[in-house]
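Breakdown of the fold
Here's the letter readout for the chains.
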Amino acid sequence: MTDQQTQRRPQRAIQRKNRTGRQLSSTQVVFAVILAIAMMLAVQFSARIADERTLNAIQDTVEDEIALLRAEQTDLIDELDFVQSDAYVEEWAREEQRMVRDNMVLVIPVPASSLAPRPIDDVTSVPAGSVVETTLPEPEPWELWWALFFDSPPPTVGS
């Protein structure tokens, strides 16, 4: 090797060191700043999108609740109108208070199972001249009340 070649080698190493140790150019700095700003904007934008989704879900829930409450309000207004009408008062008087109009008869049904007549065992055993009772015997008042409140026949008294 010649002297010139050996002198060129250290110069090349120094040039390589200068290239790696050299300062950033203004274009590189501007690009780095723009990249940093873009990353910050992207992070903020994604956070805003997540917040908007949450707010939209809350808004949908509130709108559903408002629609439900409006339907309930409509039902309550209709019920109030009916309760304030004469038809409701008449229905209440008949159903709850057992009131009737003129020329009407109040009928309270009594279960037939508790007041059923006892069957006659042998019709031929009745003498020819005797009187046969064809109407049902009047039940005692407590038997009527028992039949109104209970489904079972009344207990027998004295047996």
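Above: the structure in question.
The structure contained in this document is the topic of the report that follows. (Residues numbered from 1 in each chain as written. Predicted model: local features only at pLDDT ≥ 70, side-chain atom pairs only at ≥ 80, totals over all residues. Heavy atoms only, no water.)

1. As for the overall build of the protein chain
The condition that has to hold: Put simply, DSSP marks the helices as runs of H or I at least four residues long and the strands as runs of E at least two long, and each gets a number from the N terminus on. To sort residues, take the accessible area from a 1.4 Å probe on protein chains only and compare it with the maximum for the residue type: under 20% means buried, over 50% means exposed, and anything in between is partly exposed. Methods summary: accessible areas were calculated by the Shrake-Rupley approach with a probe of 1.4 Å, and residue burial reflects only the protein chains presented.
Counting its regular elements, the protein chain contains four helices and zero strands. Secondary structure elements of the protein chain occur, N-terminal to C-terminal, as α-α-α-α. Buried positions account for 3% of the 159 residues belonging to the protein chain. Accessible surface computed for the protein chain: about 15300 Å², of which carbon and sulfur atoms make up 58%.

2. A word on a negative patch on the surface
Worth spelling out the cut-off: Two distance rules govern patches: like charges are joined within 9 Å, and nonpolar side chains (Val, Leu, Ile, Met, Phe, Trp, Tyr) within 5 Å, applied only to residues with over 30% relative accessible area and no salt bridge. Salt bridge, as used here: a side-chain nitrogen of Lys or Arg that lies within 4 Å of a carboxyl oxygen of Asp or Glu. Only four residue types enter the charge count, namely Lys and Arg as positive and Asp and Glu as negative; His and the chain termini do not. Note on charges: their place is set at NZ of Lys, CZ of Arg, CG of Asp or CD of Glu.
Among the surface-exposed residues, Glu72, Asp75, Asp78, Glu79 and Asp81 lie close enough to one another that they form a single negatively charged patch. Along the chain, Glu79 falls in helix 2 (residues 26-83). A relative accessible area of 48% means that Glu79 is categorised as partly exposed.

3. Quick word on the pattern of salt bridges
Counted by the stated rule, this structure contains two salt bridges. Linked through salt bridges whose partners overlap, the residues forming this network are Glu90, Arg94 and Arg101.

4. Re unusual backbone geometry
With glycine set apart, most residues show a phi of negative sign, and most peptide bonds adopt trans. For Arg98, which is not glycine, the phi torsion reads 55° and is therefore positive. Tracing the backbone through its elements, the reader meets Arg98 in the loop between helix 3 (86-95) and helix 4 (141-149). Residue Arg98 is classed as partly exposed on the basis of its relative accessible area, which comes to 47%.

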